[in-house]
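Understanding the architecture of this molecule
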Amino acid sequence: MAQSDWLHPAFTLADPRGEVDAAALIEAGRHLDGQNLVLPHPDARAILAGLVAHETSGGDLFIQRDTGVEVLDGQGQGLIWLQSSGSTGKPKWASHRLDELKSRLAGGQARGTWLLTYAPGSFAGLQVILSAALGGHHLVTGAPGASATDIAGLAVRHKVSHISGTPTFWRAFLIALGDGDLDLAAVTLGGEAADQALLDALAARFPSVHLRHIYATTETGTLFTISDGRAGFPASWFETGIGALRLGRSERETLTVRGGRLGELAIDTGDCIAVEGDRALFRGRIDSVVNIGGVKVWPEEVEAHILALDCVADVLVSPRANPVTGHILVAEIVLAAGAMPDIHEAQIKKHVMDLPRAARPAMIRYKTHLDTGQTGKKARAGGA
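I will try to describe carefully the structure that is included in this document. All of these numbers come straight from a predicted model, not from anything done at the bench.

1. Brief notes about the nonpolar core
Trp6, Leu7, Phe11, Leu48, Leu51, Leu126 and Leu139 are the most contacted members of the largest nonpolar core, which has 34 residues in total. Of all the secondary-structure elements, those providing two or more residues to this core are helix H1 (22-29), strand S3 (37-40), helix H2 (44-57), strand S4 (61-64), strand S5 (80-83), helix H3 (98-103), strand S7 (113-116) and helix H4 (123-135). If one sorts the elements of this core by residue count, H4 sits on top with seven residues. Not counting residues within four places of it along the chain, the set of residues in contact with leucine 7 comprises Ala22, Leu25, Ile26, Leu48, Val52 and Ala133. Counting 25 residues, the second largest nonpolar core, distinct from the first, contains Ala152, Leu174, Val187 and Leu189.

2. Some remarks on the sheet that holds strand S22 (residues 363-367)
Pairing within the open sheet is mixed, and its three strands lie in the order S20-S21-S22. The strands lining the two open edges of the sheet, one partner per strand, are strand S20 (312-322) and S22. Across the sheet, the mean angle from the axis of one strand to that of its neighbour is 25°, orientation sign disregarded. Pairing between strand S21 (residues 326-335) and S22: five bridges, direction parallel. Within the sheet, the bridge partner assigned to valine 334 lies in S22 and is lysine 367. Across the sheet, helix H6 (residues 167-177) is in contact with S20 and S21; its angle to S20 comes to roughly 130°.

3. Brief notes about the packing of H1 against H2
H2 packs onto H1 with a crossing angle of 65° between their chain directions and a minimal axis gap of 7 Å. For the crossing formed where H1 meets H2, the hand is right-handed. Residue-level inspection shows Leu25, Ile26, Ala28 and Gly29 of H1 in contact with H2, the latter providing Arg45, Leu48, Ala49, Val52 and Ala53. Classifying every residue of the contact of H1 with H2 by side-chain character gives seven nonpolar, one polar and one charged.

4. Topic: the environment of isoleucine 226
Relative to the helices and strands, isoleucine 226 is located in strand S12 (residues 221-226). Isoleucine 226 sits in the buried class, given a relative accessible area of 6%. Measuring from C-alpha to C-alpha, the distance between isoleucine 226 and arginine 357 comes to 33 Å, with 131 residues separating the pair along the chain.

5. Some thoughts on the pairing of S7
Burial of S7 is two-sided: the residues Thr113 and Leu115 facing one way and the residues Trp114 and Leu116 facing the other way are all buried. With four bridges connecting them, S7 and strand S8 (residues 138-141) associate as parallel partners. Looking at S8, one finds that threonine 113 is bridged to histidine 138.

6. Here's the deal with the side chain of aspartate 15
By the element assignment, aspartate 15 lies in strand S1 (residues 12-15). At a separation of 2.9 Å, a polar atom in the side chain of aspartate 15 contacts the main-chain amide nitrogen of arginine 17. In this structure aspartate 15 touches Arg45 and Thr141, once residues within four positions along its chain are discounted.

7. Quick look at helix H5 (residues 148-157)
Taken residue by residue, H5 has Ile151, Ala152, Leu154 and Ala155 as its buried positions. Considered in projection along H5, the buried side chains sweep an arc of 160° and stay on one side of the axis. What points out from H5, more than 90 degrees from its buried face, is the exposed set Thr149 and Arg157. Residues of H5 that are buried make contact with S7, S8, strand S9 (162-165) and H6.

8. Description of the packing of aromatic side chains
In the structure shown here, the tally under the stated rule is 12 aromatic pairs. For the ring pair phenylalanine 169 and tryptophan 170, a centre distance of 5.3 Å and an interplane angle of 70° mean the geometry is edge-to-face. Of the two residues, phenylalanine 169 and tryptophan 170, neither departs from the other in class, the shared state being buried. Aromatic ring contacts, followed pair by pair, group Tyr215, Phe224, Phe233, Trp237, Phe238 and Phe282 into a single cluster. Lying over the aromatic face of phenylalanine 238, arginine 249 brings its terminal NZ or CZ to 4.5 Å of the ring centre. When the ring centre of tryptophan 298 is taken as origin, the NZ or CZ atom of arginine 283, which lies over that ring, is 3.8 Å away.

9. Quick word on the layout of surface pockets
Approximately 1200 Å³ is the volume found for the second largest pocket. Broken down by secondary-structure element, the contributors of at least two residues to the lining of the second largest pocket are H2, S7, H5 and H6. If one sorts the elements of the lining of the second largest pocket by residue count, H6 sits on top with six residues. When grouped by side-chain class, the residues that make up the lining of the second largest pocket number 20 nonpolar, 18 polar and eight charged.

Rules used in this analysis
Residues numbered from 1 in each chain as written. Predicted model: local features only at pLDDT ≥ 70, side-chain atom pairs only at ≥ 80, totals over all residues. Heavy atoms only, no water. Core = buried A, V, L, I, M, F, W, Y, C linked by side-chain atoms within 4.5 Å. Buried < 20%, exposed > 50% of the residue type's maximum accessible area, 1.4 Å probe, protein only. Helix = DSSP H or I, 4+ residues; strand = E, 2+ residues; numbered from the N terminus. Contact = heavy atoms within 4.5 Å. Pairing = 2+ DSSP bridges. Axes fitted to C-alpha atoms, helices over the stretch in contact; angles between N-to-C directions. Left-handed = near helix turned anticlockwise from the far one by under 90°. Nonpolar A, V, L, I, M, F, W, Y, C, P; charged D, E, K, R; others polar. Polar contact = N/O pair within 3.5 Å; in protein donor to acceptor, adjacent residues only side chain to side chain. Arc of directions from axis to C-beta. Phe/Tyr/Trp six-rings, centres within 6.5 Å; stacked < 30°, edge-to-face > 60°. Lys NZ or Arg CZ within 6 Å of the ring centre and 35° of its normal. 1 Å grid on protein atoms, 1.4 Å probe; cavity = no way out; pocket = protein on both sides within 12 Å on 5 of 7 lines; lining within 4 Å. Points joined across faces, edges and corners; volume = space filled by probe spheres on them.

Okay, structure coming up:
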């Protein structure tokens, strides 16, 4: 059987339907009509077969996570179309070329076992699938909606070596994994800002791991990677750039990116930033800012402050309407293993008092886990 020019012959995939190899995926792809092929709610197996059909036909491939968003008409340009998460509004279509996607992936890594934690149809999910397929790795995927406990068990059973996920995923995963026997070679974070407490926790749990944080969007793809173990990125990049990219700040202190494959187009990412010393830190998204009594508050900054406590595993800070101040903040806290509300509540309340008055949560609730969207990010309410 002729080999696809991008799917490594040693690649294998293990999913809830069993295990499949590269040859079987190529055969499945050749039975699909690749002209404007639509994959609704696809899993990794369907995406790989769809990519084979796409490569053969030169037609467009639509990877449709939200079937409420209509497929675009009049295409046929050999593009791969992905839907954005919709975290800043209705999901939108963004196009990529397979060659461009492949060019952004690091090659030459020793064969390993990769775990897919992102939604397969997301940009991050597609990057993991392609990385494993091009490198000839073994890719493991769980059932849709699998819990952190199920995913941790899957990782241990398959002796996974590479995992990529959102910071929210990683916090839940560390709790579920506990002292489970897992020796990772690579840990990647993306989709949300990574706070220092989480980066330190991952480095302590996996001391020999290669740790990196990827900044990317569905529309632009991967923009830059940070691998120095520190939150944010070097403030010097505003002066020197990063590769072909030039970073800047808009008047509203949101990150702008220009250059490279973006050409002369400047992209305002909507991510608010603040420079502290030699570091540029992500404060949160401009659309998540909450007005509390006339004071602008970033819930993500409040979360980062609370996460500095060892007794806190994760936290979601959300606005609630209030007739006096316009809004108040509510903190939903997941405690670390062994921590208990009646023991640590005083410590948490004391720690919160170090925040400016408007940023102090008016209510604290304790939960066993936080709700996430299909992208693996925290399910946030809109700001005001």
